[in-house]
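# Geometric and topological summary
The primary structure of each chain is shown beneath.
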Amino acid sequence: MRHSTRRGLAAIAAAAATALTLAACTTAETDTTDSGEFEPITEVSLQLQWLPQAQFAGYYVALDQGYFEEEGFDSVSIVPSGGDIVPQDALVAGDVDFAIAWVPKVLGTLEATGVELTNIAQVFQKSGTLQVSWADSGIASVADFEDKRIGSWGFGNEWEIFAAMADEGLDSTSVSITTQDFSMNALLDRDVDAAQAMTYNEWAQILEVVNPDTGELYQPEDFNVVSYEDTAGAMLQDAIWADTERLEDPAYADAAVRFLKAVTKGWIFARDNPEEAAAITYDAAINAEAAFPVGPTHQLWQMNEVNKLIWAGGDFGLVDAAAWDKTVTGALAAVNQDGLNLITTEPAASAYSNVYIQQALDALAEEGVVVGGDYTPLDVLLTEGGQ
Amino acid sequence: MTAARSSARRGAAALWGAVGILAVVVLWEGYKFLGPAEGVTIGAVEGETGSGVMILPRTHDRAMPHLIDMVTRLFQSTSGGDTPPLIVPVITAALTTLGIAAVGWLIGVAVGALLGALMQRWRLVEWGLLPWIVVSQTVPLIAFAPVMNSIGLQIDRDVMPWPQWLSVAVIASYLAFFPVAVGMLRGLEAPDRIHVDLMRSYAAGYWPTLLRLRLPAAVPHLLPALRLAAANAVLGAVVAEVSIGMRGGIGRMLIQLAGQASSDPAAPWGPTFGSIALGLIAAGSVALVGLGLKNYRRGEAAA
């Protein structure tokens, strides 16, 4: 009796195993049949890493100017963050098809979770992070951070600070690192000695505040600025990420190239028409996105600064191997205030690829679009409150 | 009560309301006038930034804008350019959040009432469920919200259309059901033994006892629970929309404008006033429910 029960169970198990194998075979088969011919993807979504603002002008311009349609997309949705949405997590979860995120943050996620994502275009070629202190503070370089109170936003925005400090032999025992909010009040109220700021956003925000002593706006001379781009801590920032595994699917790889073509055109437009691009983004933010961006002059300042980070002399979006290695070296060296490393081993080779952006650039060059070049900065006059 | 007495009472209530608002105005402006601009910090070490404990807040215009500036700001353009006055998006955002909180409140009340009734009906269910209900409220909302958002996105992808606001409403209901479940359980168990025995002597079954005795007796416990649930639903909706990045609500507006607080300090106060109004409207609407049930409101338990 018992014997026969056991035999019965074994039979069931065998049947189940066969069924599973068969199922696996069928899915594998459909995959291979897909590889020859595929249905082009016409709907994609892009996860931003922050609120709609000129930092993301290229994508909003591509939408506004119909560049996505020219590349065969019927619908492209741009999803702002600004809450607890972590772009790379949204990408891993399959909520979106592409995501904008800073390289060090994604490297941390890749090592912590073991997922695979690929940087398919390095939009910002330079770091836009600053550490701003008062002119009388005597903080002229990262070495001067010693025994000072240094503000940072956290949430993965702090790794350049730790990497730059590690290079100077400093860590959180010799520098007091404290979390600051997204306004610049911590610096203005002297709660911190130096506050983190992006060239394109918070730095402008300080310069939009009226100095109570003079009745005029604060001037750049009132502050000392350490630019992480000039330090060993400089890391690559806004990049476009794709799901590595999905890139095996020719339909997705094809969509990635077409997407990058449209985005490249968007950023070229933003380079050549910064005023218009800033206005397009501002309009998209206040109308379509129901967001509350800082006013038009602030957006123009942001557009101007972002263009400086993107157009660094090379072609748009290519990952510069030296800058990538510098980012990885910094990420390996950085230890945060809890004694944790951002990453402990080098990222997988799949973490970036120039294949897709190169295809996009080549296709654009064939169409007569000049994909490289320099940006001629504007002189943007800031106003109180950015309005 | 005569009409004259009732209108006199209403007048007094309005007067006290005005006095309350005036008191806040006087306190704010009074402290701003008298308090030191940089606040008062004790135990600060010279040359060591951020040392010491601040015991009185700063009063300068960035920390505490004048009330008149906050009100004026409400009527100035939201984000410069041709954007409408700040008060317009504040009102639309507050109404959006109110609507979501109302859906959350309804779900929470339905689930809470059902759980309360089940727990009262079967002691075993109470033993099994009540600890979990209590534990459920110790899960931090900011941990739960992204999970709920992710579930919502999966449902939207695979099962049926699931708008983001529904996730926010479910999160709001997660906070709202708790006081209702507990209040319902307490309320249904409130009738005196002697009344329950009387119903039994009439050979009344579970349902007649529930309808004629237990539910009416539960009203004084339920009304405060419904008010708490309304407050919780508003709180839950605001936190959830910030947490999952839903556009259009008051919480997200507050967060966005707070990022501009250095250069435009009066702006974040717009949505702050909006959320205060939101809470008052929510609590006030529940008070309306109480009006319809005033015959049952003897000896209402304090909320």
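Residues numbered from 1 in each chain as written. Chains lettered and ligands numbered in written order. Predicted model: local features only at pLDDT ≥ 70, side-chain atom pairs only at ≥ 80, totals over all residues. Heavy atoms only, no water.

The next point concerns the overall build of chain A. In terms of regular secondary structure, chain A is built from 13 helices and 10 strands. Seen through its C-alpha atoms, chain A measures out along the principal axes to roughly 95 × 55 × 40 Å. Classification of the 387 residues of chain A by burial places 55% in the buried group. Pairs at least 24 apart in sequence give 80% of the contacts found in chain A among residues at least 6 apart. (Helix = DSSP H or I, 4+ residues; strand = E, 2+ residues; numbered from the N terminus. Buried < 20%, exposed > 50% of the residue type's maximum accessible area, 1.4 Å probe, protein only. Contact = heavy atoms within 4.5 Å.)

What follows concerns the layout of surface pockets. All names here are of chain A. Empty space within the largest pocket amounts to approximately 1,200 Å³. Around the largest pocket, the lining is made up of 48 residues, and of these Gln49, Trp50, Phe155, Asn157 and Phe182 lie nearest the centre. When the residues that make up the lining of the largest pocket are grouped by side-chain class, the tally is 24 nonpolar, 19 polar and 5 charged. (1 Å grid on protein atoms, 1.4 Å probe; cavity = no way out; pocket = protein on both sides within 12 Å on 5 of 7 lines; lining within 4 Å. Points joined across faces, edges and corners; volume = space filled by probe spheres on them. Nonpolar A, V, L, I, M, F, W, Y, C, P; charged D, E, K, R; others polar.)

All names here are of chain A. Ranked by size, the top nonpolar core spans 81 residues in total, and within it Tyr59, Phe98, Ile240, Phe259 and Trp267 carry the most contacts. Top element by residues in this core is helix 9 (residues 250-272). It accounts for 14 residues. Beyond its immediate sequence surroundings of up to four residues, Ile240 is in contact with Tyr59, Phe98, Ala99, Ile100, Thr118, Asn119, Ile120, Ala121, Val123, Phe259, Leu260 and Val263. (Core = buried A, V, L, I, M, F, W, Y, C linked by side-chain atoms within 4.5 Å.)

This paragraph deals with the domain arrangement of chain B. When the domains of chain B are assigned, the result is domain 1 (3-64) and domain 2 (87-297). Each of domain 1 of chain B and domain 2 of chain B has a C-alpha centre, and these two points are 31 Å apart. (Domains from an automatic or database assignment.)

Before going further, it helps to examine the interface of chain B and chain A. If you look at the interface, chain B gives 33 residues, while chain A gives 37 residues. For the chain B and chain A pair, buried surface summed over both sides reaches about 2,800 Å², with 45% attributable to carbon and sulfur atoms. Inspection of the region where chain B meets chain A yields 4 salt bridges. A salt bridge links Arg62 of chain B to Asp189 of chain A, with the shortest nitrogen-to-oxygen separation between them at 3.2 Å. When contributions to the side of chain B that touches chain A are tallied by element, the ones reaching two or more residues are helix 5 (141-158), helix 8 (206-244) and helix 9 (250-258) of chain B. Among the elements that line the side of chain B that touches chain A, the one with the most residues is helix 9 of chain B, at 6 residues. Grouping the constituent residues of the side of chain B that touches chain A by class yields 9 nonpolar, 16 polar and 8 charged. (Buried area = accessible area lost by both parts, 1.4 Å probe. Salt bridge = Lys/Arg side-chain N within 4 Å of Asp/Glu carboxyl O.)

The next subject is the confidence of the model for chain A. When pLDDT is averaged across chain A, the result is 89; 90% of the residues are at 70 or more. Across residues 17-35 of chain A, confidence stays below pLDDT 50; counting only partners more than four residues off in sequence or on other chains, it has 2 contacts. (pLDDT = per-residue confidence, 0-100.)

What follows covers the pairing of strand 10 (residues 239-243) of chain A. All names here are of chain A. When you tally the buried positions in strand 10, you get 5 out of 5 residues, the bulk of the element. Going residue by residue along strand 10, you find Ala239, Trp241 and Asp243 tucked away on one face and Ile240 and Ala242 tucked away on the opposite face as well. Pairing between strand 3 (residues 98-101) and strand 10: 4 bridges, direction antiparallel. Among the inter-strand pairings, Phe98 is bridged to a residue of strand 10, identified as Ala242. With 5 bridges joining them, strand 4 (residues 117-122) and strand 10 adopt antiparallel strand pairing. What sits directly across from Leu117, in strand 10, is Asp243. (Pairing = 2+ DSSP bridges.)

Next up on the list: the side chain of Thr49 of chain B. With respect to the helices and strands, the residue Thr49 of chain B is situated in the loop between strand 1 (40-42) and strand 2 (53-56). A distance of 2.3 Å separates a polar atom in the side chain of Thr49 of chain B from a polar atom in the side chain of Asp193 of chain A. Apart from residues no more than four positions distant in its own chain, Thr49 of chain B is found in contact with Arg149, Arg190, Asp191, Val192 and Asp193 of chain A. (Polar contact = N/O pair within 3.5 Å; in protein donor to acceptor, adjacent residues only side chain to side chain.)

Next up on the list: unusual backbone geometry. Residue and element names in this part refer to chain A. One non-glycine residue, Asp147, adopts positive backbone phi at about 65 degrees. Among the structural elements, Asp147 can be located in the loop between strand 5 (129-134) and strand 6 (149-152). Taking the relative accessible area as the measure of exposure, Asp147 reaches 68% and is therefore exposed. If you check the backbone angles, Arg190 has positive phi at about 60 degrees while not being a glycine.

This part is about empty space enclosed by the protein. Evaluation of the coordinates by the stated rule reveals 1 cavity of 30 Å³ or more. Every residue along the wall of the largest cavity is listed here: Glu289, Ala290, Ala291 and Phe292 of chain A together with Arg247, Gly248, Gly249, Arg252, Met253 and Gln256 of chain B. A breakdown of the residues in the lining of the largest cavity according to their chemical character gives 4 nonpolar, 3 polar and 3 charged.

Okay, helix 11 (residues 296-310) of chain A next. Each full turn of the α-helix corresponds to 3.6 residues, which orients residues three or four apart in the same direction. All names here are of chain A. Over its 15 residues, helix 11 runs 21 Å from end to end, which matches the ideal 21 Å to within 8%, given 1.5 Å per residue. Among the 15 residues that make up helix 11, 12 are buried, leaving the element largely enclosed by the rest of the structure. Burial in helix 11 covers these residues: His298, Gln299, Leu300, Trp301, Gln302, Met303, Asn304, Glu305, Val306, Asn307, Leu309 and Ile310. Buried residues belonging to helix 11 abut helix 2 (57-64), helix 8 (202-206), helix 9 and helix 10 (274-286). (Expected span 1.5 Å × (residues − 1).)

Attention now goes to the packing of aromatic side chains. Counted under the stated rule, the structure contains 21 aromatic pairs over all chains. Seen in terms of ring centroids, Trp28 of chain B and Trp269 of chain B are 5.2 Å apart; in terms of plane orientation they differ by 75 degrees. Their pairing is edge-to-face. With Trp28 of chain B in helix 1 (residues 3-34) and Trp269 of chain B in helix 10 (residues 269-292), this residue pair connects regions lying 241 residues apart in the sequence. Residue classification places Trp269 of chain B among the partly exposed positions, given a relative accessible area of 24%. On the numbers, 6.3 Å between centres and 55 degrees between planes, the contact of Tyr174 of chain B with Phe177 of chain B is tilted. Residue Tyr174 of chain B and its partner Phe177 of chain B are both found in helix 6 (residues 164-188); the two are separated by 3 residues, about one turn of the helix. An identical accessibility class is assigned to Tyr174 of chain B and Phe177 of chain B; each is buried. Ring pairing ties together the aromatic residues Phe68, Phe73, Phe98, Tyr252 and Phe259 of chain A, which thus form one cluster. (Phe/Tyr/Trp six-rings, centres within 6.5 Å; stacked < 30°, edge-to-face > 60°.)

Here we take up the packing of helix 3 (residues 87-121) of chain B against helix 6 of chain B. Packed helix pairs are characterised by how far apart their axes lie and by the angle those axes make with each other. Close contact between helix 3 of chain B and helix 6 of chain B brings their axes to 5 Å; oriented N to C, the two are set at 35 degrees. As helix 3 of chain B runs across helix 6 of chain B, the sense of the crossing is right-handed. (Axes fitted to C-alpha atoms, helices over the stretch in contact; angles between N-to-C directions. Left-handed = near helix turned anticlockwise from the far one by under 90°.)

Applying the stated criterion across every chain, the model contains 20 salt bridges over all chains. Two residues, Lys261 of chain A and Glu367 of chain A, come together in a salt bridge whose shortest N-O distance is 2.7 Å. Remark: Glu367 of chain A occurs in the segment after helix 13 (355-366) and Lys261 of chain A occurs in helix 9; sequence separation between them is 106 residues. Residue classification places Lys261 of chain A among the buried residues on the basis of a relative accessible area of 9%. Its salt-bridge partner being Arg123 of chain B, residue Glu126 of chain B comes within 3.4 Å of it at the nearest N-O pair. On the criterion of helical spacing, the pair formed by Glu126 of chain B and Arg123 of chain B is a turn pair, its members being 3 residues apart in helix 4 (residues 123-136). For Glu126 of chain B, a relative accessible area of 14% corresponds to the buried category. Within the structure, one salt-bridge network assembled from shared partners comprises Glu70, Glu71, Lys261, Lys265 and Glu367 of chain A.

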